[in-house]
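# Structural overview
Given next are the chains, with one letter for each unit.
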Amino acid sequence: MPRTLHFISGLPRSGSTLLAGILRQNPRFHAAMSSPVAGLVNGALEQMGAGSESHAFFDEARRKAICRAIVDAYYAGQQQPVLFDTNRQWTARMHQLVELVPDFRMVCCVRNPAWVMDSFETIYRRNPFDYSRMFNAASRQTVYSRCESLIHVAGAVGSAWTALKEAYYGEFSERLLIVDYDLLTQHPRRTVELIYQFLGEEAFAH
């Protein structure tokens, strides 16, 4: 594993890309937009799970080692000592991360859900002739159907919301820091200082 690996998660359209961009200013940090690592780990576990015909070949130790190897391989080329992996699925994977990544911390960007939905709708209306894969033929018909699709438990907002609740109310909540979008955008310097304190990192002049 990398020497230090932390995670950025939370709600969509809530500042995670902005936060990653700020953190990247520190040459000791690597932070990027949403990565495929969470999906790769989940896909591997599905292939090794009880629903797979090869399930009998994998015990707990081997499954854990393969998941750890995926993370190692993905970040093998990064030289920075502190890495941040961004994905909204991580809040639902806390029980796995504590086994794979010792002493990790997770920064969760949040925002009023109404403004999250408004942000998605603004993007949709700016691209009237580009039908996003986010909606199907039925759900994209009106702003109401689009919002219902987004907030559904399987939707972009609903899935992230329920995953965040699981982490917040779960047994590993002490590893979470909730960062409000408005605080990050209106008071970035102070917000980043608090993030550094949470991570136990030395201050850096961003």
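Reference entry: report on the structure contained in this document. (Residues numbered from 1 in each chain as written. Predicted model: local features only at pLDDT ≥ 70, side-chain atom pairs only at ≥ 80, totals over all residues. Heavy atoms only, no water.)

### Comments concerning the nonpolar core
Ranked by size, the top nonpolar core spans 26 residues in total, and within it Leu5, Phe7, Trp90, Phe104 and Met106 carry the most contacts. Mapped by element, the contributors of at least two residues to this core are strand 1 (4–10), helix 2 (37–48), helix 3 (60–74), helix 4 (94–100), strand 4 (106–110) and helix 7 (156–169). Per-element accounting of this core gives the leading share, five residues, to helix 2. Once you skip the residues sitting within four places of it in the chain, Leu5 turns out to touch Val71, Tyr75, Leu83, Asp85, Val101 and Phe104. Counting residues in hydrophobic clusters, the runner-up holds 18 residues, among them Ile8, Leu19, Val192 and Tyr196. (Core = buried A, V, L, I, M, F, W, Y, C linked by side-chain atoms within 4.5 Å. Buried < 20%, exposed > 50% of the residue type's maximum accessible area, 1.4 Å probe, protein only. Helix = DSSP H or I, 4+ residues; strand = E, 2+ residues; numbered from the N terminus. Contact = heavy atoms within 4.5 Å.)

### Here's the deal with the pattern of salt bridges
This model, assessed by the stated rule, comprises six salt bridges. One salt bridge connects Arg28 with Glu201, and the closest N-O pair in it is separated by 2.7 Å. Of this pair, Arg28 sits in the loop between helix 1 (16–23) and strand 2 (29–31) while Glu201 sits in the segment after helix 9 (188–199), and the two are 173 residues apart along the sequence. With relative accessibility at 17%, the residue Glu201 sits in the buried group. (Salt bridge = Lys/Arg side-chain N within 4 Å of Asp/Glu carboxyl O.)

### Some points on the layout of surface pockets
Volume-wise, the largest pocket comes out at about 600 Å³. Surrounding the largest pocket, 28 residues form its lining, Leu11, Pro12, Arg13, Ser16 and Arg88 being those nearest its centre. Mapped by element, the contributors of at least two residues to the lining of the largest pocket are strand 1, helix 1, helix 5 (113–126) and helix 7. The dominant element in the lining of the largest pocket, judged by the number of residues it contributes, is helix 7, at four residues. Within the lining of the largest pocket, the residues separate by chemical class into 12 nonpolar, 12 polar and four charged. Estimated volume of the second largest pocket: approximately 240 Å³. Surrounding the second largest pocket, 13 residues form its lining, Arg189, Val192, Glu193, Phe204 and His206 being those nearest its centre. A per-class count over the lining of the second largest pocket returns seven nonpolar, three polar and three charged. (1 Å grid on protein atoms, 1.4 Å probe; cavity = no way out; pocket = protein on both sides within 12 Å on 5 of 7 lines; lining within 4 Å. Points joined across faces, edges and corners; volume = space filled by probe spheres on them. Nonpolar A, V, L, I, M, F, W, Y, C, P; charged D, E, K, R; others polar.)

### Overview of the sheet that holds strand 4
Here we have five strands laid out as an open sheet, ordered 2-3-1-4-5, and parallel in their pairing. For this open sheet the edge positions go to strand 2 and strand 5 (176–180), each flanked by a neighbour on one side alone. Recorded for the sheet is a direction-independent mean angle of 20° between the axes of neighbouring strands. Against the sheet, helix 1 makes contact with strand 1, strand 2, strand 3 (82–86) and strand 4, and its axis sits at roughly 150° relative to strand 1, the strand it touches most. (Pairing = 2+ DSSP bridges. Axes fitted to C-alpha atoms, helices over the stretch in contact; angles between N-to-C directions.)

### Examining the packing of aromatic side chains
Overall, the coordinates contain seven aromatic pairs when judged by the stated rule. Ring geometry for Tyr124 versus Phe135: centroids 5.9 Å apart, planes at 85°, classification edge-to-face. Taken as a pair, Tyr124 in helix 5 and Phe135 in the loop between helix 5 and helix 6 (143–151) lie far apart in primary sequence, 11 residues in all. Take Phe135: its relative accessible area is 8%, and that puts it in the buried class. Taken together through their ring pairs, the aromatic side chains of Phe7, Trp90 and Phe104 make up a single cluster. (Phe/Tyr/Trp six-rings, centres within 6.5 Å; stacked < 30°, edge-to-face > 60°.)

### What to know about the environment of Val153
Here Val153 shows up in the loop between helix 6 and helix 7. In this structure Val153 comes out as exposed when scored by relative accessible area, which is 53%. When the C-alpha atoms of Val153 and Ala163 are compared, they prove to be 9.7 Å apart, with 10 residues separating the residues in sequence. Apart from the residues lying within four places of it in its own chain, the contact partners of Val153 are Gly158, Ser159 and Thr162.

### Quick word on the environment of Ile151
Structurally, the position occupied by Ile151 is in helix 6. Separated by 10 residues in sequence, Ile151 and Trp161 place their C-alpha atoms 8.4 Å apart. Residues in contact with Ile151, not counting those within four places in the same chain, are Met117, Val157 and Gly158.

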